[in-house]
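Analysis of the macromolecular model
Take a look at the letters that make up each chain.
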Amino acid sequence: MIEKILTVQNRAGIHARPAAIIAQTANKFEAEITLTRDDTTVNAKSIMGVIAMGAGYNTQMTMNVEGPDESEAAATIQALFDSKFEEE
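Described in the following lines is the structure provided in the data block. (Residues numbered from 1 in each chain as written. Predicted model: local features only at pLDDT ≥ 70, side-chain atom pairs only at ≥ 80, totals over all residues. Heavy atoms only, no water.)

Here we look at the overall build of the protein chain
A count of helical and extended segments in the protein chain gives three helices and four strands. Its C-alpha radius of gyration of 11 Å places the protein chain within 12% of the 12 Å reference for a compact globule of 88 residues. With the C-alpha coordinates of the protein chain rotated into their principal frame, the extents come out at 35 × 25 × 20 Å. Counting over 88 residues, the protein chain shows a buried share of 42%. In the protein chain, the share of contacts with a sequence separation of at least 24, taken over all contacts with a separation of at least 6, comes to 71%. Carbon and sulfur atoms form 46% of the exposed surface of the protein chain, whose accessible area is close to 4,700 Å². Between the averaged position of the 7 positive side-chain charges in the protein chain and that of its 13 negative side-chain charges there is a distance of 9 Å. (Helix = DSSP H or I, 4+ residues; strand = E, 2+ residues; numbered from the N terminus. Rg over C-alpha atoms; globule rule 2.2 N^0.38 Å. Buried < 20%, exposed > 50% of the residue type's maximum accessible area, 1.4 Å probe, protein only. Contact = heavy atoms within 4.5 Å. Areas by Shrake-Rupley, 256 points an atom, 1.4 Å probe, with all protein chains shown as cover. Lys, Arg positive; Asp, Glu negative; His and termini not counted. Charge placed at Lys NZ, Arg CZ, Asp CG, Glu CD.)

So, in structure tokens, the structure goes:
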């Protein structure tokens, strides 16, 4: 299992577009991918779950990835956050 701390770096936070990008990207992998913020854990493959986290600018969350392609999945999701979902 891989665990990483992610920080929302785009000013608008995780709204519909970034949530869709996260879910679409997560669904390309076999691995189980979860995002946890405070006491809330959601499946990263669920657009509604990701939106429901209400993650604003500078919010930190923990990503856990487990499965046969976990290394690639973790790196790909990390890259989305690092690129600010290409919004800025």
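Moving on from the model shown.
Notes on unusual backbone geometry
A positive phi is found at Lys 84, a non-glycine position, where the angle reads about 55°. We note that Phe 85 has phi near 55°; this positive angle belongs to a residue other than glycine. Locating Phe 85 in the fold gives a position in the segment after α3 (70-82).

What about the nonpolar core?
Core analysis: the biggest nonpolar cluster contains 24 residues, and Ile 14, Ile 22, Leu 35, Met 61, Met 63 and Phe 81 have the highest contact counts within it. Secondary structure elements with two or more residues in this core: α1 (16-26), β2 (32-37), β4 (60-66) and α3. Here this core takes five residues from α3, the largest share from any one element. Sequence-distant contacts of Ile 22, defined by excluding residues within four places in its chain, comprise Ile 14, Leu 35, Ala 44, Val 50, Ile 77, Leu 80, Phe 81 and Phe 85. (Core = buried A, V, L, I, M, F, W, Y, C linked by side-chain atoms within 4.5 Å.)

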